Amino acid sequence: MLITHAIEDGVLHVTFLRDLDVSSRAAASLETEALVHSHRPRHVRVQLPTRDPSAASLSALTRARRLCEHLGIPLTVVGPTRLSTPDTGSAPSGAAA
C-alpha cells in the first residue's frame, strides 16, 4: 500500500505512507486521482512522509495539484507529523531540585 485516505467534512486526506520512487510513483498518482474523481471533495490535503521528498513524490504531488486545479478543488500539502516529543531528561521549569 502506497497511500491511505480518509474523508472528513468534505476534505479528502491523502497520506503518502513512504517516500515514492520511480516504480511506485505512477500507482500512487493513479490512486490519488481515482480518489479525487470518485469523492469530489471540496478540499484535498496531502501529507508527505518526509521533509525532503523524492523527485517521484514531488511528481505525484504535482499531478494531484494539476488535477485539483483543473477541477477547482483547493489542495494543501503538509509535512510529516511528529509522533512524540523526545525526552530531554531535564526537570520541568519551577521544579524543586
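Residues numbered from 1 in each chain as written. Predicted model: local features only at pLDDT ≥ 70, side-chain atom pairs only at ≥ 80, totals over all residues. Heavy atoms only, no water.

Asks: Please set out the sheet that holds strand β1 (residues 3-8) residue by residue, giving values where relevant.
Replies: Spatial strand order, β1-β2-β3-β4: four strands in an open sheet with mixed pairing. The two strands at the open ends of the sheet, each matched to only one other strand, are β1 and β4 (75-78). Going across the sheet, the axis of each strand differs from the next one's by a mean of 20°, ignoring polarity. Summarising the sheet, β1 and strand β2 (residues 11-16) pair through six bridges and their orientation is antiparallel. Of the residues in β2, the one forming a bridge with Glu8 is Val11. Packing of helix α1 (residues 22-39) onto the sheet brings it into contact with β1, β2 and β3 (43-47), and relative to β1 it is tilted by some 15°. Packed on one face of the sheet, helix α2 (residues 55-71) meets β2, β3 and β4 and runs near 160° to β4. (Pairing = 2+ DSSP bridges. Helix = DSSP H or I, 4+ residues; strand = E, 2+ residues; numbered from the N terminus. Axes fitted to C-alpha atoms, helices over the stretch in contact; angles between N-to-C directions. Contact = heavy atoms within 4.5 Å.)

Asks: Give me the lowdown on α2, citing residues and values where you can.
Replies: In a regular helix each residue adds 1.5 Å, so 17 residues correspond to 24 Å; α2 covers 24 Å between its end C-alpha atoms and thus fits that length. Looking at the buried positions of α2, the neighbouring elements they touch are β2, α1, β3 and β4. Positive backbone phi, at 75°, marks Gly72, one or two positions downstream of α2. (Expected span 1.5 Å × (residues − 1).)

Asks: Could you give an account of the side chain of Ser24, with specific residues and numbers?
Replies: Mapping Ser24 onto the fold places it in helix α1. Residue Ser24 is classed as buried on the basis of its relative accessible area of 4%. Among the polar contacts made by the side chain of Ser24, one reaches the main-chain amide nitrogen of Asp21 at a distance of 3.0 Å. Among residues more than four places away in sequence, those in contact with Ser24 are Leu2 and Arg18. (Buried < 20%, exposed > 50% of the residue type's maximum accessible area, 1.4 Å probe, protein only. Polar contact = N/O pair within 3.5 Å; in protein donor to acceptor, adjacent residues only side chain to side chain.)

Asks: Talk me through α1; I want residue IDs and the actual numbers.
Replies: Taking 1.5 Å of rise per residue, the 18 residues of α1 would be expected to cover 26 Å, and the 27 Å separating its terminal C-alpha atoms lies within 8% of that figure. Taken together, the buried positions of α1 are Ser24, Ala28, Ser29, Thr32, Glu33, Leu35 and Val36. The buried residues of α1 occupy one face: seen down the axis, they fall within an arc of 165°. In α1, the exposed residues that point more than 90 degrees away from the buried face are Ser23, Leu30 and Ser38. Its buried side turned inward, α1 meets β1, β2, β3 and α2. Two residues or fewer past α1, Arg40 is found with a positive phi of approximately 45°. (Arc of directions from axis to C-beta.)

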